[in-house]
Every structure is written in structure tokens, then in C-alpha cells.
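The primary structure of each chain is shown beneath.
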Amino acid sequence: MPVDLPLKSAAARGGGHGPVGTGTRPRRRRPGRIWVKVVTGLLLVVEIYPLLWMFLTSLKSNSDYLNNSTWSLPTTWEWGNYSEAWSTGHIGLYVRNSLLAVVPSLALILLLGTAAGFALQIMVWKGRSLTLLIFLAGIMVPSQMILLPLFTVYFQAGLSGTLWPLILTYTGTGLPLTVFMMATYYKTVPRELFEAATIDGAGILRAFWTISIPMVRNAILTVGLVQFFFIWNDLLIALTFTNNQDLRTIQVGLLNFTGDFGATQYGPLFAAICINIFGTLVIYLFLNQKVMKGLTGGAVKG
């Protein structure tokens, strides 16, 4: 008795590989994507592992640091190293001095640099190109060349023994780069806005504060972030103009970090370094996100 067998379709006979087949081949991963992931993973290890090692070292006792391997884990977790670094190592005093030197300097740099960039790009006056070149020449002057003359000037002016030499020096060395960056950013601002404001009766100060500042706030935040880390991580200028322990910034304090009886306590020392690095790292991550969101969300469409 004949039995009717179901006919196989061309797709089934061909395994889905023929021109009339409906099957799809599995997608192969591109070698380029795999290499990108591998390189990204290696970069993460290179960036994160030193921070992890430093944090683990900050929890070691002095005997662990001297007797055991550098890469070994702490035998006892000395969380008291952080309190000792804050009190015995005077890290709290050094952080306060750094803030007292950085905050006024950063405020002066941003205020004067933004005003100078506005005057050099928006306002029309004779000699502004030459003035911009003079500011750019300040970038090429090494800070090491001006330390000795400035030290003499500060001593004769009676400013030695205060934080004013740091504030004035940071402001002077930070202005050339800030003026250049702000003048470059002001080139992207439409001049028609200021012309319309002038027609409506706005003066120079009103145009600067109410029109230009809101439009360049992203650039101000970016420049402020760059200058903050330049000033905070400075060692040479702070080491030159701080002549006693009460005026040391955190970088100079870490350089001269000693425990009781003048002995170096490596656990509290690394704890102090962690306080410095992780504190600034949190600030960077927070402000970096603000800068990126501001640059993408506050673009001017013209």
C-alpha cells in the first residue's frame, strides 16, 4: 500500500544555505571588537590596580611594610592609620591650607581670565591682538625662572609668612592659559547677541554678566577643573614660599610626612596619600560629568 511521505522543502534539503532557504547563519564576532574589549580591560587593570594596592598598603602596620613583601596583604587591618594621619600627620591642617590657597586663586583666575577673554574677542579696541600675544607669551615662561625674583619681592613687601605669595603666584601663572582658552571659546559665541543687546541699551558690564557668563559657563567649569588640579597638585611653588609647618599645603606636607619622634610611619603616610588622591578623584568624577552634560546639553544652535 503506497504511503505518501511529506516532501522536504528546498530549505530543509539545503540546510537553509541555498538562495531560497530561510535559515540564518550565526553572526560571528568581529575580531576588532574583541581587541577593543581586551585593550579596555588592560587599561582598567593598569588604572585601578595601583589605586587598590595603595589602599591596601594604607591599612598595613609598619612591621608589615618593612618585613613582608610589598605585594602581600595586611596581616592586620589598621584602620586607625587614617585617624593617625589626620591628627598626628596634620593632614587636616594641610588640607585647610590648600583650600585657603586654591579657592581664592581659582576665583581670581576664572574672574580675570573670563573678563580678559571677553575683552579680547567681543570688544573692539586697538591693540587687542598684541595684548593676546603678550598673554600667550606668558605660557612660554617657565615657573622656575620667576621663583627667586618673586621670593625677593614678597620678602621686601612683608608678605612672607602668609599664604598671599601662593595666591598671587598661582593667579599669575594660571592666567595666561585661562585667557587663551576663554578667548578661544568666545570665538564660538555669536556676536549678533551682543550687538542686539547693545541696541537694546545694555552696557558692557551688563552684556558681560547677563549674556556672556551664562553662555560660557561650560567653558568656565572646564577651565576651572583644569586649573584646580594644576594648583592643588603643585609642589614647587608651595615648597618655595611656605617657610613653616603651619603654612604647608598638602603636597608639601606629604613630602615631609613623619610620625612621632621623626620616624616615617608608612601606614599613615599611605593613608594620607589616599585621602589626597581619592578626595580629588571624587571631585574630578563629579565635575567631569557636569562638564560633559553641560557641553552636550547647552550647545548653541545657530
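As the structure is a computational prediction, the values presented were derived from the model and not from experiment.

The rules behind each value
Residues numbered from 1 in each chain as written. Predicted model: local features only at pLDDT ≥ 70, side-chain atom pairs only at ≥ 80, totals over all residues. Heavy atoms only, no water. Helix = DSSP H or I, 4+ residues; strand = E, 2+ residues; numbered from the N terminus. Buried < 20%, exposed > 50% of the residue type's maximum accessible area, 1.4 Å probe, protein only. Contact = heavy atoms within 4.5 Å. Core = buried A, V, L, I, M, F, W, Y, C linked by side-chain atoms within 4.5 Å. Axes fitted to C-alpha atoms, helices over the stretch in contact; angles between N-to-C directions. Parallel < 35°, antiparallel > 145°, perpendicular 65-115°, else oblique. Left-handed = near helix turned anticlockwise from the far one by under 90°. Nonpolar A, V, L, I, M, F, W, Y, C, P; charged D, E, K, R; others polar. Patch = residues over 30% accessible without salt bridge, like charges linked within 9 Å, V, L, I, M, F, W, Y side chains within 5 Å. Areas by Shrake-Rupley, 256 points an atom, 1.4 Å probe, with all protein chains shown as cover. Salt bridge = Lys/Arg side-chain N within 4 Å of Asp/Glu carboxyl O. Phe/Tyr/Trp six-rings, centres within 6.5 Å; stacked < 30°, edge-to-face > 60°. pLDDT = per-residue confidence, 0-100. Polar contact = N/O pair within 3.5 Å; in protein donor to acceptor, adjacent residues only side chain to side chain.

### A look at the overall build of the chain
Part 1: Across its full length, the chain carries 14 helices and 0 strands.
Part 2: Across the chain, helices and strands are ordered from the amino to the carboxyl terminus as α-α-α-α-α-α-α-α-α-α-α-α-α-α.
Part 3: Counting only residues that meet the buried cut, the chain has 32% of its 302 residues in that class.
Part 4: Put simply, of all contacts in the chain between residues at least 6 apart along the chain, 70% involve residues at least 24 apart.

### Quick word on the nonpolar core
Nonpolar side chains in soluble globular proteins tend to end up buried together.
Part 1: Ranked by internal contacts, the top residues of the largest apolar core, which has 48 residues, are Ile91, Leu166, Tyr170, Met182 and Tyr186.
Part 2: If we skip the residues at most four places from it in the chain, Ile91 touches Ala85, Trp86, Leu254, Phe257, Ala272 and Ile275.
Part 3: Formed by 6 residues, the second largest nonpolar core is a distinct cluster that contains Ala116, Leu120, Leu132 and Leu175.

### Side note on the packing of helix H9 (residues 191-199) against helix H10 (residues 204-215)
Part 1: At their nearest, the axes of H9 and H10 sit 11 Å apart, and the two run at 160 degrees to each other. As summarised for this structure, H9 and H10 are arranged roughly antiparallel, according to the angle between their axes. Judged by the sense of rotation from one axis to the other, the crossing of H9 with H10 is right-handed. Only Ala207, Ile211, Ser212 and Met215 of H10 make contact with H9, whose side of the interface consists of Leu193, Phe194 and Ala197.
Part 2: Tallied by class, residues from the contact of H9 with H10 come to 6 nonpolar, 1 polar and no charged.

### Describing the environment of Ala116
Part 1: Its place among the elements puts Ala116 in helix H5 (residues 91-121).
Part 2: Sequence separation between Ala116 and Pro176 is 60 residues; the distance between their C-alpha atoms is 10.0 Å.

### Remarks on a nonpolar patch on the surface
Part 1: Together, Leu108, Leu111, Leu112, Leu205 and Trp209 make up an exposed nonpolar region whose accessible area comes to about 500 Å².
Part 2: Looking at the nonpolar patch, the elements that each hand over two or more residues are H5 and H10.
Part 3: With 3 residues, the top contributor of residues to the nonpolar patch is H5.
Part 4: Inspection of the secondary structure puts Leu112 in helix H5.

### Regarding the packing of helix H7 (residues 143-156) against helix H8 (residues 164-186)
Part 1: The interhelical angle for the contact between H7 and H8, taken along N-to-C directions, is 140 degrees, at an axis separation of 11 Å. Put simply, H7 runs oblique to H8. Helix-helix and strand crossings are classified by hand; for H7 and H8 the assignment is right-handed. Of the residues in H8, those in contact with Ile146, Leu150 and Tyr154 of H7 are Pro165, Leu168, Thr169 and Thr173.
Part 2: Of the residues contributing to the contact of H7 with H8, the split by class is 5 nonpolar, 2 polar and no charged.

### Quick notes on the packing of aromatic side chains
Part 1: Under the criterion given, the structure shown has 15 aromatic pairs.
Part 2: Considering the side-chain rings of Phe118 and Tyr186, the 5.9 Å spacing of their centres and the 70 degrees angle between planes classify their relative orientation as edge-to-face. Residue Phe118 is found in helix H5, and its partner Tyr186 is found in helix H8; the two are separated by 68 residues along the sequence. The same class applies to Phe118 as to Tyr186, namely buried.
Part 3: Ring geometry for Phe228 and Phe229: centres 5.3 Å apart, planes at 80 degrees, overall edge-to-face. For the pair Phe228 and Phe229, a shared accessibility class is recorded, and that class is buried.
Part 4: Taken together, the ring pairs connect Tyr49, Trp53, Tyr65, Trp71, Tyr266 and Phe270 into an aromatic cluster.

### A look at the side chain of Gln227
Part 1: In this fold, Gln227 is placed in helix H11 (residues 217-232).
Part 2: Beyond its immediate stretch of four places on either side in the chain, Gln227 contacts Leu106, Ile109, Gly174, Leu177 and Thr178.

### Points about the side chain of Thr178
Part 1: Inspection of the secondary structure puts Thr178 in helix H8.
Part 2: Filtering out sequence-adjacent residues up to four positions away, Thr178 remains in contact with Ile109, Gly113, Val223 and Gln227.

### Looking at the confidence of the model for the chain
Part 1: Overall, the predicted model of the chain reaches an average pLDDT of 82, with 83% of residues at or above 70.
Part 2: Across the chain, element-level confidence peaks in H5 with a mean pLDDT of 93 and bottoms out in helix H1 (residues 10-14) with 47.
Part 3: Low pLDDT, under 50, characterises residues 1-21; the stretch is placed with 9 contacts to residues that sit more than four places away or in other chains.
Part 4: Taken together, the stretch residues 297-302 has pLDDT below 50 and engages in 4 contacts with residues farther than four places along the chain or on a different chain.

### Here we look at the environment of Ser63
Part 1: Position of Ser63 among the secondary structure elements: in helix H3 (residues 62-67).
Part 2: Judged by its relative accessible area of 40%, Ser63 falls in the partly exposed class.
Part 3: For the pair Ser63 and Gly267, spaced 204 residues apart in sequence, the C-alpha to C-alpha distance is 9.6 Å.
Part 4: Here the side chain of Ser63 touches Ser61 through a polar contact of 3.1 Å, side chain to side chain.

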